[in-house]
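Examining the three-dimensional arrangement
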Amino acid sequence: QQQVKQSPQSLIVQKGGISIINCAYENTAFDYFPWYQQFPGKGPALLIAIRPDVSEKKEGRFTISFNKSAKQFSLHIMDSQPGDSATYFCAATTGNQFYFGTGTSLTVIP
Amino acid sequence: EAQVTQNPRYLITVTGKKLTVTCSQNMNHEYMSWYRQDPGLGLRQIYYSMNVEVTDKGDVPEGYKVSRKEKRNFPLILESPSPNQTSLYFCASRRWGRGNQPQHFGDGTRLSIL
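Let us look at the structure shown here. (Residues numbered from 1 in each chain as written. Chains lettered and ligands numbered in written order. Predicted model: local features only at pLDDT ≥ 70, side-chain atom pairs only at ≥ 80, totals over all residues. Heavy atoms only, no water.)

1. Remarks on the pattern of salt bridges
When charged atoms on two side chains of opposite charge get close, those side chains can pair. All names here are of chain B. In total, this model carries eight salt bridges over all chains according to the counting rule given. When the shortest N-O distance is used, the salt bridge between Glu30 and Lys71 registers 3.8 Å. A residue pair is termed long-range when its members are at least 10 positions apart, and Glu30 in the loop between β3 (19–25) and β4 (31–38) and Lys71 in the loop between β7 (65–66) and β8 (76–78) qualify at 41 residues. The class for Glu30 is buried, based on a relative accessible area of 18%. Judged by relative accessible area, which is 26%, Lys71 ranks as partly exposed. Residue Asp38 is joined to Arg36 by a salt bridge in which the shortest nitrogen-to-oxygen separation is 2.8 Å. The class of Asp38 is buried, set by a relative accessible area of 11%. For Arg36, a relative accessible area of 9% gives the class buried. Each of Arg36, Asp38 and Arg44 takes part in a single network of salt bridges with overlapping partners. (Salt bridge = Lys/Arg side-chain N within 4 Å of Asp/Glu carboxyl O. Helix = DSSP H or I, 4+ residues; strand = E, 2+ residues; numbered from the N terminus. Buried < 20%, exposed > 50% of the residue type's maximum accessible area, 1.4 Å probe, protein only.)

2. Here we look at the packing of aromatic side chains
Inspection of every chain in the model, using the stated rule, returns 20 aromatic pairs over all chains. For the ring pair Phe100(A) and Phe105(B), a centre distance of 6.4 Å and an interplane angle of 80° mean the geometry is edge-to-face. Pair noted here: Phe100(A) is in strand β10 (residues 98–100) and Phe105(B) is in strand β10 (residues 104–105), and the two residues belong to different chains. Comparing Phe100(A) with Phe105(B) shows no difference in burial state: the two are buried. (Phe/Tyr/Trp six-rings, centres within 6.5 Å; stacked < 30°, edge-to-face > 60°.)

What follows is the structure in structure tokens.
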């Protein structure tokens, strides 16, 4: 079964808007939650990551919000730009094994 | 330039014909891993290796083999490929340690098995 559940499958946002992607997990042994960005024809690239002892992490326009009790975490992209159009994957890991969400295709309309 | 290199990038082959996808990294990373990416399923881990001669199964290891004889190389072997192994494959590497070390991915290998 899917260890990390991601939604929505696709997202269309106007330039300057906020993009929000949500993920949920069950395994409390996960201790690291990265987000990856993937452009067509390329491999995923680490965007931002968080550990479960932190409730929020911000890097530029990208913010992860983490709710340990609800076992949920989300990616917020502020002031979304057309260059942010890509597929985004959340992931969770125990250190050796990585589990990815099913991906969200984000389109930012100029 | 730090990179993970996969070959071939594209391959069309037939059921049962053994194939190997190579993966090489130049960052002296201890940890390497293989994933397959399928529409609607995201990336799923096939095998990983924590160092030379140390490998372990990921989430979907059936039908695949790996070996880690050198630190920089981690080939993926399909002994008898079947159509359900048609997929986009990614190799990744990272420095060994706790999970907060970023994974570096190759650009992928698209396999079509007829």
